[in-house]
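Each chain is listed here by its residues.
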Amino acid sequence: MDVAKKANSTGKWIEPFLGTGVVAFNSGFKDALLNDTNPHVIRFYKGIQDGTITPAIVKRYLQEEGEKLSRADNDGYAYFLTVRERFNREFAPLDLLFLSRTGFNGMMRFGGKGNWNIPFCKKPNRFSQSYITKITNQVAKVKAVIKDGWTFTSKNFAEIIPLATKEDIIYCDPPYYGRYVDYYNGWTEQDEERMFHLLSETPAKFILSTWHHNSYRENEMVKKFWKNFHVVTKDHFYHGGGKIENRNSIVEALVFNFDADIEKHNHDMKLKPKVEQLPMFEIPTEEVLHTT
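Everything numeric in this text was worked out from a predicted model, so none of it was measured.

Asker: Explain helix α2 (residues 39–50) residue by residue, including any values.
Answerer: With twelve residues, α2 should cover 16 Å at 1.5 Å per step; its first-to-last C-alpha distance of 16 Å lies within 8% of that length. Those residues of α2 that sit buried are His40, Val41, Ile42, Phe44, Tyr45, Gly47 and Ile48. Tucked into the core, α2 has its buried residues touching β2 (32–35), α4 (77–90), α5 (93–102), α6 (129–145) and β3 (150–153). At the N-terminal boundary of α2, the capping side chain belongs to Asn38, with an oxygen 2.9 Å from the backbone nitrogen of His40. Looking one or two residues beyond α2, the residue adopting positive phi is Gly51, at roughly 90 degrees.

Here is the structure:
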């Protein structure tokens, strides 16, 4: 079931926590307000939108940089460090793309000053021609999806949620409270409470993506803040965590404030874990990713 389709919203798609953008780019909305506190991601997508980043530019860049990586000392690590240092000095969007595809386990993490903080994947031949073509095609698909009515911002989520009207739908996928969250900002109970109050007051329909429980513990925020909304749970398996305890099955939760004929739970079913890794900027090439 697609929760977003059940909302039947006719206004904008609003994401206060854009992340890689994979949900937004498959939402099907004509107008969107997409926000993330990570300015590097926003800068990259703005570049695609205004034409300073094109498939041809990405292809040429990855071919040149991939060649340097394959020839570098220490099995490519020397050139990875060169690009990392350059990015941490200049924050160029294409260097962010390079690092996101050569970082360990497809992860994205930044230090306190916004510097790239993920080690090398140890694959000097990372950028094969087929892989470059795949990335180039993804950029082309994103370019085709981004409309004139799409706005990209880099603000605090509390500045974005109040902008929604009753015709809009808000999709929130914040850092998970109590999990290993250092994508760009941490996430505290105070942040969760602030988001709760803002979503409780919004005239828009909203969908919140969070975690419900895993083998070790429950997400206490669900009972504390979200129990009076609709909650649907689903099994998921995280393969790409930086810590071994985060590479386990987890029950995720979707919280929403509108009626939808959706099965409440499936986490008691014996499902085979789905091994999934979503590198930065990766979007499906053949199918639409549903918000389920």
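Asker: Describe the pattern of salt bridges, naming the residues involved and giving the relevant values.
Answerer: Pairing between side chains of opposite charge can happen when the charged atoms of each approach one another. Enumeration according to the criterion identifies eight salt bridges in this entry. Note that Arg86 and Asp95 form a salt bridge whose closest N and O atoms lie 2.8 Å from each other. Of the two residues examined, Arg86 and Asp95, each falls in the buried class. Put simply, Glu65, Lys68, Arg86 and Asp95 are held in one network by salt bridges that share partners.

Asker: Break down the environment of Lys46 for me, with residues and values.
Answerer: Among the secondary structure elements, Lys46 is positioned in helix α2. Taking the relative accessible area as the measure of exposure, Lys46 reaches 40% and is therefore partly exposed. For the pair Lys46 and Thr153, spaced 107 residues apart in the sequence, the C-alpha separation amounts to 9.1 Å.

Asker: Provide a residue-level description of α6, including the pertinent values.
Answerer: Counted at 1.5 Å a residue, the expected span for α6 with its 17 residues is 24 Å, and the 24 Å between its end C-alpha atoms agrees. Inspection of α6 places Tyr131, Ile132, Ile135, Thr136, Gln138, Val139 and Val142 among the buried residues, and these make up the whole buried set. One face of α6 carries all of its buried residues, which in axial projection span an arc of 155 degrees. Exposed and oriented more than 90 degrees from the buried face of α6 are Ser130 and Ala144.

Asker: Please set out the pairing of strand β5 (residues 205–214) residue by residue, giving values where relevant.
Answerer: Most of β5 sits out of view: nine of its ten residues are buried. Looking at chain direction, β5 and strand β7 (residues 249–256) are connected through seven bridges and run antiparallel. Paired with Leu208 across the two strands is Val255, which belongs to β7.

Asker: Lay out unusual backbone geometry with the relevant residues and their values.
Answerer: Although it is not a glycine, Asn74 adopts a positive phi angle of roughly 60 degrees. Its place among the elements puts Asn74 in the loop between α3 (55–71) and α4.

Asker: Describe the packing of α4 against α5, and please don't skip the residues or the numbers.
Answerer: With their axes 9 Å apart at the nearest point, α4 and α5 run at an angle of 135 degrees to one another. When the axes of α4 and α5 are compared, the pair comes out oblique. For α4 against α5, the interelement crossing comes out left-handed. Judged by residue contacts, Tyr79, Phe80, Val83, Arg84, Arg86 and Phe87 of α4 engage Asp95, Leu96, Phe98, Leu99 and Thr102 from α5. Broken down by class, the residue content of the contact of α4 with α5 amounts to seven nonpolar, one polar and three charged.

About the thresholds
- Numbering of residues starts from 1 in each chain and follows the order in which that chain's sequence is written.
- Per-residue local features of the predicted model are confined to residues with pLDDT of at least 70, and side-chain atom pairs are confined, for both listing and counting, to 80 or more; whole-chain, interface and lining totals are unaffected and use all residues.
- Excluding hydrogens and water, the side-chain figures rest on all heavy atoms present in the structure.
- For the purposes of this entry, the term helix denotes a DSSP run of H or I that reaches at least four residues, the term strand denotes a run of E that reaches at least two, and both are numbered from the N terminus.
- Expected span, for any helix, means 1.5 Å times one less than how many residues it has.
- Relative accessibility decides the category of a residue: with a 1.4 Å probe and only protein chains considered, values under 20% of the type maximum give buried, values over 50% give exposed, and everything between is partly exposed.
- Contacts between residues were defined by any pair of non-hydrogen atoms, one from each residue, lying within 4.5 Å.
- For the purposes of these results, a polar contact is taken to be a pair of N or O atoms within 3.5 Å, where, inside protein, one atom must be able to donate a hydrogen and its partner to accept one; residues adjacent in sequence count only when each atom of the pair is a side-chain atom.
- Here a salt bridge means any side-chain nitrogen of Lys or Arg lying within 4 Å of a carboxyl oxygen belonging to Asp or Glu.
- By definition, the arc is the one covered by directions from the helix axis to the C-beta atoms.
- By the convention used here, strands pair only if DSSP detects at least 2 bridges between them.
- Angles shown run from 0 to 180 degrees and are taken between the N-to-C directions of axes, each axis being a line fitted to C-alpha atoms and, for helices, limited to the stretch in contact.
- Any angle between 65 and 115 degrees counts as roughly perpendicular, while under 35 counts as roughly parallel, over 145 as roughly antiparallel, and the rest as oblique.
- Crossing handedness: left-handed means the near helix sits turned counterclockwise from the far one by under a right angle, and right-handed means the same turn made clockwise.
- Here the nonpolar group is Ala, Val, Leu, Ile, Met, Phe, Trp, Tyr, Cys and Pro; Asp, Glu, Lys and Arg are the charged ones; every other residue, Gly included, is treated as polar.

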